[in-house]
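The residues making up each chain are set out below.
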Amino acid sequence: MIIHRQKWHEFTRLLIADRKGSVQVEMYDQQQDWGGTAWIYGLWVEPAYRRQSKAGELLTVAENMAAQHGHKSVMLEWKKQDTPVEVLRWYKSRGYLERTLNTEGDYCLLEKRLQNEQ
């Protein structure tokens, strides 16, 4: 697995990838207008490796990296136009809670509290 760190002016981005998939996490020093300091996005797995726990492995690495950098939670968004509702249920089964769900039920902001090991 490769973890590439990019330091930007206001945040640090980690690109986490291997041959089977990738995920990104942005970590900010200050709380952002969306209510958090760590944002996970771009979780993607090669079609041949889906339903083999790869997405969970990548997501866990991203969550652990955020926790190691002192973040108390991570956030992500689910959009029905991009991702099936089964994925929303999967995020919830992994400890993500809805912060907002629009009235049409096609967008959801999710948050997961992290266990920071000291």
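Everything numeric here is computed off the predicted structure, so don't read it as measured data. (Residues numbered from 1 in each chain as written. Predicted model: local features only at pLDDT ≥ 70, side-chain atom pairs only at ≥ 80, totals over all residues. Heavy atoms only, no water.)

(A) Structural view of the nonpolar core. Counting residues in hydrophobic clusters, the biggest one holds 23 residues, and the most contacted among them are I16, V25, I40, V74, L76, Y96 and L110. Contributions of two or more residues to this core are made by β2 (11-17), β3 (21-28), β4 (38-45), α1 (54-68), β5 (73-79), α2 (85-93) and β7 (107-113). The dominant element in this core, judged by the number of residues it contributes, is α1, at six residues. (Core = buried A, V, L, I, M, F, W, Y, C linked by side-chain atoms within 4.5 Å. Buried < 20%, exposed > 50% of the residue type's maximum accessible area, 1.4 Å probe, protein only. Helix = DSSP H or I, 4+ residues; strand = E, 2+ residues; numbered from the N terminus.)

(B) Local environment of the environment of L43. With respect to the element layout, L43 can be found in strand β4. Separated by 19 residues in the primary sequence, L43 and A62 have C-alpha atoms spaced 9.7 Å apart. Sequence-distant contacts of L43, defined by excluding residues within four places in its chain, comprise S22, V23, A55, L58, L59, W90 and Y91. (Contact = heavy atoms within 4.5 Å.)

(C) Representation of the environment of I16 within the structure. Locating I16 in the fold gives a position in strand β2. Remark: the alpha-carbon pair of I16 and A48, spanning 32 residues in sequence, is separated by 19 Å. Those residues within four positions of I16 in sequence are excluded, and the remaining contacts are M1, I2, I3, G21, S22, V23, V25, L58, V61, A62 and M65.

(D) Broad picture of the layout of surface pockets. Its boundaries defined by the atoms lining it, the largest pocket holds a volume of some 870 Å³. Among the secondary structure elements, those contributing two or more residues to the lining of the largest pocket are β4, α1, β5 and α2. Within the lining of the largest pocket, the residues separate by chemical class into 14 nonpolar, five polar and seven charged. (1 Å grid on protein atoms, 1.4 Å probe; cavity = no way out; pocket = protein on both sides within 12 Å on 5 of 7 lines; lining within 4 Å. Points joined across faces, edges and corners; volume = space filled by probe spheres on them. Nonpolar A, V, L, I, M, F, W, Y, C, P; charged D, E, K, R; others polar.)

(E) Spotlight on the environment of N64. Residue placement: N64 occurs in helix α1. As a C-alpha pair, N64 and L114 span 50 residues in sequence and 8.0 Å in three-dimensional space.

(F) Broad picture of unusual backbone geometry. Unusually for a residue other than glycine, R51 sits at a positive phi of about 65°. Position of R51 relative to the elements: it lies in the loop between β4 and α1. You can call R51 exposed: its relative accessible area is 85%. Its identity as a non-glycine residue notwithstanding, S53 has a phi of 75°, on the positive side.

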